[in-house]
Amino acid sequence: MMHISNSLRNHFPLLKKCPETVVYFDNASTTLKPISVINKMNELYTEYPVNVHRGAYRFAEQATRAFEDSRLAVQRFINARSTKEIVFTRGTTDSINLIASSYGRTFLKPGDEILLTQLEHHANIVPWRMLCDRIGSVIKVIPMKRDGELDLSNIKSLITNKTRLVGLVYVSNSLGTINPVAEIIEIAHARGAKVLVDAAQAIAHFPIDVQNLDVDFLCFSGHKMFGPFGIGVLYGKEHLLEGMPPHQGGGGMIQNVNFDEVSYAPLPSKFEAGTPPIASAVGLGEATNFINEIGFKFIQERENLLLSYTLERIKKINGLILYGESKERSAVFAFNLTGVHPHDVTAYLDQKGICIRSGHHCNQPIMTFYQIPAMNRASMSFYNTLEEIDYFIETLKETRKFFS
Ligand code: PLP
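Everything quoted here is computed from the prediction, not taken from an experiment.

Visitor: Quick one: what's the story with the overall build of the protein, residue by residue and with numbers?
Guide: Along the protein, the regular secondary structure elements total 15 helices and 15 strands. Taken over the C-alpha trace, the protein has a radius of gyration of 22 Å; the compact-globule value for 404 residues is 22 Å, and the two agree within 12%. With the principal axes as the frame, the protein shows a C-alpha extent of 70 × 55 × 35 Å. Put simply, the protein has 404 residues, and 56% of those count as buried. Within the protein, contacts between residues separated by at least 24 positions form 70% of all contacts whose residues are at least 6 apart in sequence. By element, 51% of the accessible surface of the protein is carried by carbon and sulfur atoms, the whole surface being about 17300 Å². Each charge class in the protein was averaged separately, 41 positive and 41 negative side chains, and the resulting centres sit 3 Å apart.

See below:
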């Protein structure tokens, strides 16, 4: 059995500080941040805490280099062709909003269709609803099945010659379902539709190669991949980004400005108006280094072990309803305890040092499907342990007894 060494857990200050008392099972919400990422940001703030792309002095050059090195690290991490395809944003939500307001308002017309799935996070629904309300395009939905997989039986009729864009979550943040993204991209492309993949829950768990996937847009957040808050990425194929107008105007994104006319900076600056979140961007580059050092091979083996170990045990708990049993899935467990309000479950677990979430997890269409207002969710990362899972399972049994 694979054991995780303390030295690996010690990368994370929270786990190091409270090794016995904190079981962090809310990794789908945000992952913990390793000390190397914190130190990298600290280095920027202490040694070259200045703006990028502006000054010609030494510190400004250091900051700019660190910022652009980070973009290069991200490019390599997802195997993009060029750093021009890597736009820094505030996160997944910001990236999707950028596509909806720039690509959507420019290339979609009344009656055009946007195909989403029932598994989408609100971040990949609301910007499209707002766009449709504004320009008269139409949202269609790929339905889900009880086991949490997408029902792709009608996919070929759902993608019509009016479909301009398919918006698809790679891994469901509630149910852990891993969607057959490559297959859907191929079908969409055959009909001339572009595909946006929301990789918020995928990016920290397995390698993504954007060229191999042939995805048009990919969005993710730094804070869900051991990086800082306030930074995210929009990957877009260069020719698509090239054809899109900027969504925001300001400093840093222009070539020439006068009151009658403005010309824009080349990619990716065109989409990065104003002072960027410099330290967070630099921290994100460091987060990719961290993942590369741990290695996806180890991460995947480890998380698959946590997945099978938990599944085997959680299913045996009397009165526990598990939502989502997709064949391809990640270590995310959505459940309810019969007769116990999900918020009571999280509150009880919190008293025992276990951090999980309850609520709709920004997946109200999934709650509608199961006809429930809320569910509990435990989500794991490679640094979690089998001992933590044993303790979690025992505490869940205890919770049920306590409330019955
Ligand atoms: N998409 C998915 C699948 C998510 O899980 C999340 C966050 O939970 C988001 C989008 C939004 O990410 P952010 O809040 O970092 O923009």
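Visitor: Describe in detail the site of the ligand, supporting the description with residues and values.
Guide: As a structural note, the neighbourhood of the ligand is formed by Thr92, Thr93, His121, Ala123, Val169, Asn173, Asp198, Ala200, Gln201, Ser221, His223 and Lys224. At a separation of 3.4 Å, an oxygen atom of the ligand approaches a polar backbone atom of Thr92. A distance of 2.6 Å separates an oxygen atom of the ligand from a polar side-chain atom of Lys224. Isolated, the ligand exposes 400 Å² of accessible area, and the fraction of that covered by the protein chains is 85%.

Visitor: Hey, could you go over the sheet that holds strand β6 (residues 194-198) for me, with residue numbers and the actual values?
Guide: Ordered in space as β2-β8-β7-β6-β5-β3-β4, the 7 strands form an open sheet in which the pairing is mixed. Of all the strands in the sheet, just β2 (86-89) and β4 (138-142) have a single pairing partner and so form its edges. Averaged over all pairs of adjacent strands, the angle between strand axes in this sheet comes to 20 degrees, irrespective of strand direction. Note that β2 and strand β8 (residues 232-236) share 4 bridges and pair antiparallel. Counterpart to Val87 in the pairing with β8 is Leu234. Its contacts with the sheet put helix α8 (residues 181-190) on β5 (163-169) and β6, and the angle it makes with β6 is roughly 160 degrees.

Visitor: I'd like a rundown of the pattern of salt bridges, residues and numbers included.
Guide: Scanning the model with the defined rule gives 21 salt bridges in all. Among the ionic pairs, Arg90 bridges to Asp94, the shortest N-O distance being 4.0 Å. A salt bridge links Lys237 to Asp216, with the nearest nitrogen and oxygen atoms 3.0 Å apart. Here the residue Lys237 occupies a position in the loop between β8 and α10 (238-243), and Asp216 occupies one in the loop between α9 (210-213) and β7 (217-221), the gap between them amounting to 21 residues. Judged by its relative accessible area of 3%, Asp216 falls in the buried class. What you see here is one network of salt bridges that share partners, running through Glu68, Arg71 and Glu272.

The rules behind each value
- Residues numbered from 1 in each chain as written.
- Predicted model: local features only at pLDDT ≥ 70, side-chain atom pairs only at ≥ 80, totals over all residues.
- Heavy atoms only, no water.
- Helix = DSSP H or I, 4+ residues; strand = E, 2+ residues; numbered from the N terminus.
- Rg over C-alpha atoms; globule rule 2.2 N^0.38 Å.
- Buried < 20%, exposed > 50% of the residue type's maximum accessible area, 1.4 Å probe, protein only.
- Contact = heavy atoms within 4.5 Å.
- Areas by Shrake-Rupley, 256 points an atom, 1.4 Å probe, with all protein chains shown as cover.
- Lys, Arg positive; Asp, Glu negative; His and termini not counted.
- Charge placed at Lys NZ, Arg CZ, Asp CG, Glu CD.
- Near = heavy atom within 4 Å.
- Polar contact = N/O pair within 3.5 Å; in protein donor to acceptor, adjacent residues only side chain to side chain.
- Pairing = 2+ DSSP bridges.
- Axes fitted to C-alpha atoms, helices over the stretch in contact; angles between N-to-C directions.
- Salt bridge = Lys/Arg side-chain N within 4 Å of Asp/Glu carboxyl O.

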